[in-house]
Amino acid sequence: MTAATANGNHAIEDPVVVKTQAVSPPVDESTLFEELYQMKCFRTGEFYLKSGQMTPIYIDLRRIMSSPRVLRMAAQAMCDKVVAKNIKFDYIVGVPYAALPLATLVSDILNVPMLMKRKEAKAYGTKQLIEGVYQPGGTVLLVEDVVTSGESIRETAEAIRKENLKVMDAIAVLDRQQGATANLAEDDLNFLSFLTMEGILDGLITKNEMTEDRKQQIIEHLAKPF
Ligand SMILES: O=C(O)c1cc(=O)[nH]c(=O)n1[C@@H]1O[C@H](COP(=O)(O)O)[C@@H](O)[C@H]1O
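These remarks concern the structure in this document. Please read these numbers as outputs of a predicted model, since none were measured by experiment.

**Let's talk about the site of the ligand**
Okay, step 1: Inspection of the region around the ligand gives 15 residues, with Lys50, Arg62, Thr148, Ser149 and Ser152 positioned closest.
Okay, step 2: Residue Thr148 places a side-chain N or O atom 2.5 Å away from an oxygen atom belonging to the ligand.
Okay, step 3: Against a free-state accessible area of 490 Å², the protein chains account for coverage of 93% of the ligand.
Okay, step 4: At 4 residues, strand β8 (residues 139–147) tops the list of elements feeding residues into the shell around the ligand.
Okay, step 5: By residue class, the composition of the shell around the ligand is 5 nonpolar, 4 polar and 6 charged.

As structure tokens, then:
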């Protein structure tokens, strides 16, 4: 039995049961690093961030959607973390658009329903900002690919909260370690990531793609305020 709610969705009488169980052997950081390296996700040079800041290293995780195996591995890595931290939630939402394939797989692996947040509400049809079936008051886990300042997560959380859903946790494949944890905490968001920029730089050293000195220079560069 369902009842119509103000947002046009049907409230689910029984709360969604979160079955947060990992289903495959855990993914380790060096294995995922190796796969991302082989897929040429790490680019050094001069790139510009969403924030406008120059960066000497850019991580392009959109490439992994071209390998279902690596995409699933990255999703599994986030699931392992979420299960290990015993985080509870009713819905998965990917930060649009790059994280949508990852969010779909996280939803599938954990058997937790997915919702989709549009960048802008449709001007026709249902005019909904959040697509999918949900119960107001439910809790959303946000999924992102790469996080720099945390602004994309923050904006997504704000829009979801306006729709009477709770957001307490966000997880990403990679944290560039440029202040997202502290920025998101100001918005009552707990942020987790599977890989860190420091781990990536160490991995690139093992591949002889970087020296220890260059790593330190990059870390100092990334520590500068936006
Ligand atoms: O622009 C970025 O900061 C960025 C850096 C990077 O190495 N890789 C990368 O994908 N990004 C993009 O930056 C977004 C996150 O930036 P923040 O909103 O500052 O956290 C991600 O959704 C990516 O679109």
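**What about helix α1 (residues 29–38)?**
Okay, step 1: Taken as a whole, α1 has its buried residues at Leu32, Phe33, Glu35 and Leu36. Projected down its long axis, α1 carries its buried residues within an arc of 165°, all on one side.
Okay, step 2: Where the residues of α1 are buried, they touch β3 (42–48), α2 (68–84), β9 (166–175), β10 (190–196) and α6 (197–206).
Okay, step 3: Two residues or fewer past α1, Lys40 is found with a positive phi of approximately 55°.

**Considerations on the nonpolar core**
Burial of nonpolar side chains together is a common tendency in soluble globular proteins.
Okay, step 1: Ranked by internal contacts, the top residues of the largest apolar core, which has 46 residues, are Leu32, Leu36, Ile59, Ile64, Leu102, Val143 and Ile200.
Okay, step 2: With near-sequence residues (within four places) excluded, Val143 lies in contact with Met78, Ile92, Val93, Gly94, Val95, Ala99, Leu102, Ala103, Val106 and Ile171.
Okay, step 3: In this structure, Tyr134, Ala157, Val167 and Ala172 belong to the second largest nonpolar core, which totals 20 residues.

**Considering the packing of α1 against α2**
Okay, step 1: α2 packs onto α1 with a crossing angle of 145° between their chain directions and a minimal axis gap of 10 Å. Crossing angle aside, the handedness with which α1 passes α2 is left-handed. Of α2, the residues touching α1 (which contributes Thr31, Leu32, Glu35 and Leu36) are Arg69, Val70, Met73, Ala74 and Ala77.
Okay, step 2: In terms of residue class, the contact of α1 with α2 is built from 6 nonpolar, 1 polar and 2 charged.

**Quick word on the sheet that holds β10**
Okay, step 1: Pairing is mixed across the open sheet formed by 6 strands, whose spatial order is β7-β6-β5-β8-β9-β10. In this open sheet, the two strands that pair with only one neighbour each are β7 (130–131) and β10.
Okay, step 2: Bridge count for strand β5 (residues 91–94) against strand β6 (residues 114–117) is 2 bridges, and the pairing is parallel. Its bridge partner lying in β6, Val93 is registered against Leu115.
Okay, step 3: On top of the sheet, helix α3 (residues 100–110) reaches β5, β6, β8 and β9; it is set at about 165° to β5, its chief contact.
Okay, step 4: On top of the sheet, α6 reaches β9 and β10; it is set at about 0° to β10, its chief contact.

Cut-offs applied
Residue numbers here run from 1 along each chain, matching the order of that chain's written sequence. For a predicted model such as this one, the threshold for reporting local features is a pLDDT of at least 70, and the threshold for listing and counting side-chain atom pairs is 80 or more; totals across whole chains, interfaces and linings nevertheless cover every residue. Note that the side-chain values use all heavy atoms of the structure and ignore hydrogens as well as water. Nearness is judged by heavy atoms alone; a residue qualifies as near a molecule or strand once a single heavy atom is within 4 Å of it. Whenever a nitrogen or oxygen atom comes within 3.5 Å of another N or O atom, the pair is scored as a polar contact, on the condition that within protein one atom can donate a hydrogen and the other can accept it, and that pairs from neighbouring residues in sequence are kept only if both atoms are in side chains. Using a 1.4 Å probe, the Shrake-Rupley method yields the accessible areas, and only the shown protein chains count as cover for residues. Note on conventions: DSSP H or I runs of at least 4 residues are helices, E runs of at least 2 residues are strands, and numbering of each starts at the N terminus. Polar here means any residue other than Ala, Val, Leu, Ile, Met, Phe, Trp, Tyr, Cys and Pro, which are nonpolar, and Asp, Glu, Lys and Arg, which are charged; Gly is therefore polar. Burial classes follow relative accessibility: with a 1.4 Å probe on protein chains only, a residue under 20% of its type's maximum area counts as buried, one over 50% as exposed, and anything between as partly exposed. In this context, the arc is that of the directions from the helix axis out to the C-beta atoms. Note on contacts: a residue pair qualifies if any of its non-hydrogen atoms lie within 4.5 Å across the two residues. Here, the term nonpolar core denotes a set of buried Ala, Val, Leu, Ile, Met, Phe, Trp, Tyr and Cys residues that are joined through side-chain atoms within 4.5 Å. Note on geometry: axes are C-alpha line fits, over the in-contact stretch for helices, and angles between N-to-C directions span 0 to 180 degrees. By the definition used in this description, the sense in which the near helix is turned from the far one sets the handedness, with an anticlockwise turn below a right angle giving left-handed and a clockwise turn giving right-handed. Note: two strands are recorded as paired if DSSP finds a minimum of 2 bridges between them.

As far as function goes, none of this settles anything; it's purely spatial.
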